[in-house]
Amino acid sequence: MLITTTNELRLYSPANAIDAIETLTGFIDSSEHDFLEEKLGKELFSLLQKHYRGIGEAGIMTLIESIQRNETLLPYSQLLMLAQRCVCFDALGRAIDMQAISVNGSGVNVATSDDYGKADKDAISAYKQTCYKESHSAVNRLLIVLEEWMREVASVTEDGKDTDEYREKKEIADAWQKSRYFFLVGSLLIPSAQVLQEYVNIYDNREKYITLLPDLRYIQEDILAPVVGEELLDFLTDNALKGTEDKKLARLIHRLRKAMVKHLIARTNFLKLSAPDLATVHNEAVLMVNNCVDYIRMYQSDFITLAKDAMKASPIYDASANKVREPYEPTFKNNEDGNVMFVIPTLS
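Enquirer: I keep staring at the overall build of the protein chain and nothing clicks. Help me out?
Expert: Of the regular secondary structure elements, the protein chain holds 13 helices and 2 strands. Across the 348 residues in the protein chain, those meeting the buried criterion constitute 40%. By sequence separation, contacts in the protein chain at least 24 residues apart represent 67% of the contacts at least 6 residues apart.

Enquirer: I would appreciate a short explanation of the layout of surface pockets in the present structure.
Expert: Rolled over the atoms, a probe as big as a water molecule pinpoints where empty space is left. Taken as a whole, the second largest pocket holds about 340 Å³ of empty space. Residue lining of the second largest pocket: 13 residues in total, with Ile202, Tyr203, Asn205, Lys208 and Phe270 positioned closest to the centre. Listed by contribution, the elements that provide at least two residues to the lining of the second largest pocket are helix H5 (121-155) and helix H8 (206-228). Considering each element in turn, the lining of the second largest pocket owes the most residues, 3 residues, to H8.

Enquirer: Would you mind showing me how to read the packing of aromatic side chains here?
Expert: Inspection of the entire model under this criterion finds 2 aromatic pairs. Ring centres of Tyr295 and Tyr299 lie 5.0 Å apart, and the angle between their planes is 55 degrees; on these two criteria the pair is classed as tilted. Look at Tyr295 and you get buried, because its relative accessible area is 5%. Put simply, the rings of Tyr295, Tyr299 and Phe303 pair up and form one aromatic cluster. Note that Lys39 overlies the ring of Phe35, its terminal NZ or CZ placed 4.3 Å from the centroid.

Enquirer: Would you mind showing me how to read the side chain of Ser77 here?
Expert: Mapped onto the elements, Ser77 comes out in helix H4 (residues 75-99). If sequence neighbours within four positions are ignored, Ser77 has contacts with His51 and Leu63.

Cut-off values and rules
- Residues numbered from 1 in each chain as written.
- Predicted model: local features only at pLDDT ≥ 70, side-chain atom pairs only at ≥ 80, totals over all residues.
- Heavy atoms only, no water.
- Helix = DSSP H or I, 4+ residues; strand = E, 2+ residues; numbered from the N terminus.
- Buried < 20%, exposed > 50% of the residue type's maximum accessible area, 1.4 Å probe, protein only.
- Contact = heavy atoms within 4.5 Å.
- 1 Å grid on protein atoms, 1.4 Å probe; cavity = no way out; pocket = protein on both sides within 12 Å on 5 of 7 lines; lining within 4 Å.
- Points joined across faces, edges and corners; volume = space filled by probe spheres on them.
- Phe/Tyr/Trp six-rings, centres within 6.5 Å; stacked < 30°, edge-to-face > 60°.
- Lys NZ or Arg CZ within 6 Å of the ring centre and 35° of its normal.

Below, the structure written as structure tokens:
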């Protein structure tokens with residue numbers, strides 16, 4: 001487990017008066033495997049467990065003291081701190097209902113204490129909601145830090161690679177890429193929570209983005225791809241990920257992303273809109289896709305220059321639009337045999 005002492009528990013939830021960690025062991029274990037592990041991925045979760053076992057009891061106390069003194073921590077210690085916060089609040093939220101009940105050989109009673117007043121149903125419910133919010137806030141912070149480390153590792157020069165900090169971040173980043181919560185989804189026009197945030201407010205919530213991935217993938221593969229063409233959409237997705245300096249290409253990617261978000265809102269309870277509003281949003285989404293099609297047709301020659309094969313494979317492609325017209329040559333000539341009239345040339 002990643003939390004084995006009450007001191008660690010109090011580091012994140014100082015108000016608790018739990019004397020023995022054993023009363024929460026089962027909840028902590030469930031939180032680690034049901035709540036935390038999928039965010040880290042199996043490989044990174046195993047590496048973090050190995051790190052925790054390696055520091056021992058003395059290392060745990062040293063880590064707590066370092067956190068309390070606000071000292072700079074190495075990446076694995078930072079990751080452990082962030083992961084423990086996720087587990088702590090999720091475990092406390094899971095446990096509160098059962099801790100309020102005392103099961104004994106004679107039956108079931110409400111657990112009370114002489115030192116504290118009895119918590120009513122509303123207080124317990126409010127505590128659970130707070131734990132829920134704190135646990136998901138902790139997960140979001142964890143994912144943001146992992147994203148930052150991914151970018152840092154990618155940008156480090158050779159001179160900066162010979163440090164313990166880089167080596168730990170590199171190992172963490174490589175392992176996290178195998179998690180389904182890895183922030184970059186290279187096969188989508190909207191490849192990250194950061195990009196989605198530019199089009200609709202998800203409060204920078206990485207978990208929200210992950211839950212929306214199936215819908216985003218459906219919209220791209222089953223709504224956009226048949227209209228735009230799979231090869232052209234793959235080309236656009238690749239450039240959306242790498243970035244492009246071509247203004248027309250960047251504008252088309254931007255418009256397609258807006259259309260995807262409109263479809264996302266229309267097919268989910270994302271903003272909890274009423275039925276009439278959802279119908280309006282759906283119509284707007286369809287209109288946006290049609291506008292993207294018109295835009296591609298308008299600048300077809302430019303897109304052929306950028307991606308000839310992909311553009312020609314698209315159902316939008318109009319072969320006749322690229323035929324070069326021969327210059328017009330009149331067949332009538334003045335003063336030829338057989339002419340019945342003579343046209344005087346215009347004087348300029």
